[in-house]
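Tertiary structure, described
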Amino acid sequence: MLTENAREATPAVSSGEPLALYIHWPFCLAKCPYCDFNSHVRERMPEARFAAALRTELAHEAARLGRRKLGSIFFGGGTPSLMAPESVAALIADATTLFEPLPNLEITLEANPTSVESGRLSAFRQAGVNRVSLGIQALDDASLKFLGREHSAKQALAALEIARGLFPRITFDLIYARPGQTLADWQAELDTALSLVADHVSLYQLTIEPGTKFEALYRTGAFTLPDEDTAARLYQETSEVTARHGLAGYEVSNYARPGSESRHNLTYWRYGDYLGLGPGAHGRITQGDALFATRRHRAPEPWADLVERTGTGQTSQDALDPTDRAREMLLMGLRVTEGINAHRFTARTGLSLQDALDPVILEAALEEGYLEQTAQTLRATPEGRLRLEALLGALVL
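Residues numbered from 1 in each chain as written. Predicted model: local features only at pLDDT ≥ 70, side-chain atom pairs only at ≥ 80, totals over all residues. Heavy atoms only, no water.

Here's the deal with the sheet that holds strand β18 (residues 377–380)
In spatial order, the strands read β16-β18-β17; together these three strands make up an open sheet with antiparallel pairing. Strands at the two margins of the open sheet, each flanked by one partner only, are β16 (340–341) and β17 (371–373). Across two bridges, the pairing between β16 and β18 is antiparallel. When the sheet's bridge partners are listed, Ile-340 is paired in β18 with Leu-378. (Pairing = 2+ DSSP bridges. Helix = DSSP H or I, 4+ residues; strand = E, 2+ residues; numbered from the N terminus.)

As C-alpha cells, then:
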C-alpha cells in the first residue's frame, strides 16, 4: 500500500521541465566486493518476467504522470547489458511513445567489458542506445581480480575499441586509490584509457561502504588503502591528466569534453524531476504544487509480484517540505562545478539559499576558500570539493 506524507509543501518547479527516466536491472553475474548497489546474483536470470514488469510499471507511471517531456533514459543496475537487446528496444519504444522525447534524447546503458557483453553492443546500438557506460574499473589484471571483476584488462581495452566504433558518446568508470597504487601507476593507467576514448569518464576513489565484503576484509586488516594525503594527490593527478586530454571536471568524480556531460546525471545534480523504475529505484516527481520522493520495493521478486498485482512496485510517495528539498538540493548541487543557481534554488525549494545554510559555517567556508558565492550562485572550489562530505555535514541546516 502506498504511504503518502501529507505535509504542506510550497510550490516547486513546474512539471514542464524534462523528465529523466531511470530503469533498474538488478541482476549481475557476480557481486563485486566494493558494491553497495541494489544488485543480485541469480543462477537463472528471469529475463522475460522482469522485462515485462518494467514495461508494465512504465505504462502505469505514464498514465499517472501524463505526457511529460523526456530528456534522458538511463539503464542502470546491476548489469543491464545482461538484458536481451530486444527488451531494451521495447522499453525505449514504450518510453518514447508514452512520453514526449526531446530531439536530443540521451539514452545510456551500463555495460561490463566481458566478451559476452561486448558482443551485444552492436545490438544495443540498433535498439536505440546512443551512449554506453563501460564499467572498466581498472586496467591491470591484478587490480581487476582484487575488485572482483569478471573481465581482464585486455577485454576492457577491446570493449573500448568496439564501443568507439558503434556509439556517438562513450563513458567509462575507473577506480583509483587502490591498495599499493602509486601516482605513476595511476597516471599511466588513465593516460592509456583516455588515449582510446576521451569523451567522458567517471573516476571514483575506492571507499569502504557499509555492508560490503570489502568492509569485513578491511576491518580485519586484509588490505589497506592509501592515506588521506596520498588519496588527495591521486585526486589532483586525476584532474591534471584529464585536463591534458581536454576533459574538464564538472562534478566531483566526473570529467567531460564540453557538451559531453551526462545529461541524465545532471538532472540529479541540478535537482530536476526523475522517474525511477525497477527494484529499489528512487524518484523525485513534481505533481501540482508538491515534490514527491518515491521509492520502489527493493527485493527483485517481491517487486515483480507487486507490479503484477497492482501495476507498480512503488511502496512510498512522500511530499517533501521546503527544508527537505533545500537539504537535498544543496547536497547534490554543490557536487557540480557550476554550483547552485540562487533563483532556481528558491523556485525549487521555496527557501532562499541564505535561509538554508548555517551562517557561521558559510562565512568560515568562504574565508577558507572552500566556497565561492555571488548574488546568483553558490559553488564549491576545488579545495572545497576535496572536503565536500565534511563541509556539507556542517553547512546544511
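Considerations on the nonpolar core
When a protein is soluble and globular, its nonpolar side chains tend to lie buried together. Counting residues in hydrophobic clusters, the biggest one holds 88 residues, and the most contacted among them are Leu-21, Ile-73, Phe-75, Val-88, Leu-134, Phe-172 and Leu-330. Per-element tally for this core: the top contributor is helix α1 (residues 47–65), with six residues. Leaving out residues up to four positions away in the same chain, Phe-75 has contacts with Ile-23, Pro-80, Met-83, Val-88, Leu-91, Ile-92, Ile-107, Thr-108, Leu-109 and Glu-110. One finds Cys-32, Leu-144, Ile-175 and Leu-206 within the second-largest nonpolar core, a separate group that totals 11 residues. (Core = buried A, V, L, I, M, F, W, Y, C linked by side-chain atoms within 4.5 Å. Buried < 20%, exposed > 50% of the residue type's maximum accessible area, 1.4 Å probe, protein only. Contact = heavy atoms within 4.5 Å.)

A look at α1
Helix length check: α1, at 19 residues, gives a terminal C-alpha distance of 27 Å against a target of 27 Å (1.5 Å per residue), a fit within 8%. Of all the residues in α1, the buried ones are Glu-47, Phe-50, Ala-51, Ala-53, Leu-54, Glu-57, Leu-58, Glu-61, Ala-62 and Leu-65. (Expected span 1.5 Å × (residues − 1).)

Re the packing of aromatic side chains
For the structure shown, the criterion picks out 13 aromatic pairs. Note on Trp-25 and Phe-27: the rings are 5.5 Å apart at their centroids and 80° apart in plane angle, and the pair reads as edge-to-face. In this structure Trp-25 comes out as buried when scored by relative accessible area, which is 1%. For Phe-27, a relative accessible area of 0% puts it in the buried group. Ring geometry for Phe-27 and Phe-50: centres 4.9 Å apart, planes at 85°, overall edge-to-face. Pair noted here: Phe-27 is in strand β3 (residues 27–28) and Phe-50 is in helix α1, with a separation of 23 residues, a long-range link. Across this residue pair, the class does not change: Phe-27 and Phe-50 are buried. A connected cluster of aromatic rings, assembled from ring pairs, spans Tyr-34, Phe-146, Phe-214, Tyr-218 and Phe-223. (Phe/Tyr/Trp six-rings, centres within 6.5 Å; stacked < 30°, edge-to-face > 60°.)

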